[in-house]
Amino acid sequence: MRGLRRVRVPAPLQRVPLRLKRVTHGLTRLSPLPRSTRARRRTVQAVMLGTVLALAPATWTHAVADSRLRTTAEVPAQDVAVVFGAGLWKGRPTPYLAHRLDTAAELYRAGKVKVVLVTGDNSRVEYDEPDAMRTYLTERGVPDGRIVSDYAGFDTWDSCVRAKKIFGVHRAVLVTQDFHIKRAVALCRAAGIDSYGVKVVEPHDSVFYYGGVRELVAAGKAAVDATLRPDPHFLGERERGVTEALASAG
């Protein structure tokens, strides 16, 4: 047809991503991809990379801990159970902490453990998780002499490191809720404790889902702690509480 002629694409444009714009009477016009399309592609790639990086720590905790989880009936007998603090309400354990302590008492009565190490926050005079945990356990038949208190278990990493370095725990059964147990096992193993985990199953209420979401963030901190291995907030002198309690257990 008259008026139409083939147009040679200049050399600089040959390096630009091209797309089909229109086909007219067998003649194809080519034009560069719009910047918005490239920007969207980069945004999607950035989001995908961010998602992978965000989920990597949680994937690590699952990989390390999945094979170490047991029920109270299945868990191998160990000398020590470690119970992590989970808050107080009017000086008494919150329901989640009470359920952890109930499980620890069950392990003791079943002969699965000889000593219970309760680790929690006592950073303020009016807030004493370990003593509240001790009281709760004695009310449920665990002898006071078989309970050892760690008053500086300010987070999971601190509790694991102190159990190893301060109380001399080498093997333990860890007791906590199912959304927390994998991180606890992963961190205690990173701290040098041969750990099994017994998860406390809770109804899937708002507290449970909050805990699950929180774990995604906490897993990131856990990965950093396991890699850098910082000292806990308070290390202190070696204590013989666990050794003496085991000696009295015979």
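Conventions used here
- Residues numbered from 1 in each chain as written.
- Predicted model: local features only at pLDDT ≥ 70, side-chain atom pairs only at ≥ 80, totals over all residues.
- Heavy atoms only, no water.
- Pairing = 2+ DSSP bridges.
- Helix = DSSP H or I, 4+ residues; strand = E, 2+ residues; numbered from the N terminus.
- Contact = heavy atoms within 4.5 Å.
- Axes fitted to C-alpha atoms, helices over the stretch in contact; angles between N-to-C directions.
- Salt bridge = Lys/Arg side-chain N within 4 Å of Asp/Glu carboxyl O.
- Buried < 20%, exposed > 50% of the residue type's maximum accessible area, 1.4 Å probe, protein only.
- pLDDT = per-residue confidence, 0-100.
- Right-handed = clockwise from strand over helix to strand, strands pointing away.
- Parallel < 35°, antiparallel > 145°, perpendicular 65-115°, else oblique.
- Left-handed = near helix turned anticlockwise from the far one by under 90°.
- Nonpolar A, V, L, I, M, F, W, Y, C, P; charged D, E, K, R; others polar.
- Expected span 1.5 Å × (residues − 1).
- Phe/Tyr/Trp six-rings, centres within 6.5 Å; stacked < 30°, edge-to-face > 60°.
- Lys NZ or Arg CZ within 6 Å of the ring centre and 35° of its normal.

### A short note on the sheet that holds strand β8 (residues 147-150)
Here comes step 1: What the six strands build is an open sheet, ordered β3-β10-β9-β4-β7-β8; its pairing is parallel. Each edge of the open sheet is held by one strand with a lone partner, namely β3 (69-70) and β8.
Here comes step 2: In terms of strand pairing, strand β9 (residues 171-177) meets strand β10 (residues 194-200) through seven bridges, oriented parallel. Note on β10: the bridge partner recorded for Val-175 is Val-198.
Here comes step 3: Strands β4 (80-84), β7 (115-119), β9 and β10 of the sheet are contacted by helix α2 (residues 95-109), whose axis makes an angle of about 145 degrees with β9.
Here comes step 4: Most of the contacts of helix α5 (residues 178-190) go to β9, to which it runs at about 155 degrees, and overall it touches β3, β4, β9 and β10.

### What to know about the pattern of salt bridges
Here comes step 1: What the rule picks out here adds up to 14 salt bridges.
Here comes step 2: A salt bridge links Arg-140 to Glu-139, with the shortest nitrogen-to-oxygen separation between them at 3.3 Å.
Here comes step 3: Its relative accessible area of 31% is what places Arg-140 among the partly exposed residues.
Here comes step 4: A cluster of three or more residues bridged by salt bridges with shared partners is formed by Arg-92, Asp-102, Glu-139 and Arg-140.

### Quick look at the environment of Ala-110
Here comes step 1: The topology assignment puts Ala-110 in the loop between α2 and β7.
Here comes step 2: Distance in space between the C-alpha atoms of Ala-110 and Ala-73 is 8.4 Å, their sequence separation being 37 residues.

### With respect to the confidence of the model for the chain
Here comes step 1: Scored by pLDDT, the chain has a mean of 84; 79% of the residues are at 70 or more.
Here comes step 2: Across residues 16-28, where pLDDT falls below 50, the model places 26 contacts with residues more than four positions away in sequence or in other chains.

### Here's the deal with the pairing of β10
Here comes step 1: In terms of residue burial, β10 counts as a mostly covered element, since five of its seven residues are buried.
Here comes step 2: Regarding topology, α5 serves as the crossover connection from β9 to the parallel β10, and that connection is right-handed.

### Comments concerning the packing of α2 against helix α3 (residues 129-139)
Here comes step 1: Here α2 crosses α3 at 50 degrees, and the two axes come no closer than 10 Å. Judged by the angle between their axes, α2 and α3 are oblique. Judged by the sense of rotation from one axis to the other, the crossing of α2 with α3 is right-handed. Packed against α2, whose contacting residues are Leu-97, Ala-98, Leu-101, Asp-102, Ala-104 and Ala-105, the element α3 presents Met-133, Tyr-136 and Leu-137 at the interface.

### Examining the packing of helix α4 (residues 156-165) against α5
Here comes step 1: As a packed pair, α4 and α5 sit with axes 9 Å apart at the nearest point and diverge in direction by 40 degrees. Classified by the angle their axes make, α4 and α5 are oblique. Classified by chirality, the crossing of α5 by α4 is right-handed. Residues Thr-156, Trp-157 and Cys-160 of α4 touch α5, and the partners they reach there are His-180, Arg-183, Ala-184, Leu-187, Cys-188 and Ala-190.
Here comes step 2: Here the residues of the contact of α4 with α5 sort into six nonpolar, two polar and one charged.

### What about α5?
Since the α-helix turns once every 3.6 residues, residues separated by three or four places project in the same direction.
Here comes step 1: Taking 1.5 Å of rise per residue, the 13 residues of α5 would be expected to cover 18 Å, and the 19 Å separating its terminal C-alpha atoms lies within 8% of that figure.
Here comes step 2: Burial within α5 is extensive, with eleven of its 13 residues counted as buried.
Here comes step 3: Listing the buried residues of α5 in full gives Asp-178, His-180, Ile-181, Lys-182, Arg-183, Ala-184, Val-185, Ala-186, Leu-187, Cys-188 and Ala-190.
Here comes step 4: Among the residues trailing α5, Gly-192 stands out with phi positive, at a value near 100 degrees.

### As for the packing of aromatic side chains
Here comes step 1: Scanning all chains against the criterion turns up one aromatic pair.
Here comes step 2: Taken together, a centroid distance of 6.1 Å and an interplanar angle of 35 degrees make the contact between Tyr-96 and Phe-179 tilted. Placement of the pair is Tyr-96 in helix α2 and Phe-179 in helix α5, with a sequence separation of 83 residues.
Here comes step 3: Take Tyr-96: its relative accessible area is 12%, and that puts it in the buried class.
Here comes step 4: A cation over a ring is seen here: Arg-68 above Tyr-196, with NZ or CZ 4.1 Å from the ring centre.
Here comes step 5: Positioned above the aromatic ring of Tyr-136, the side-chain terminus of Arg-140 is 3.5 Å from the ring centre.

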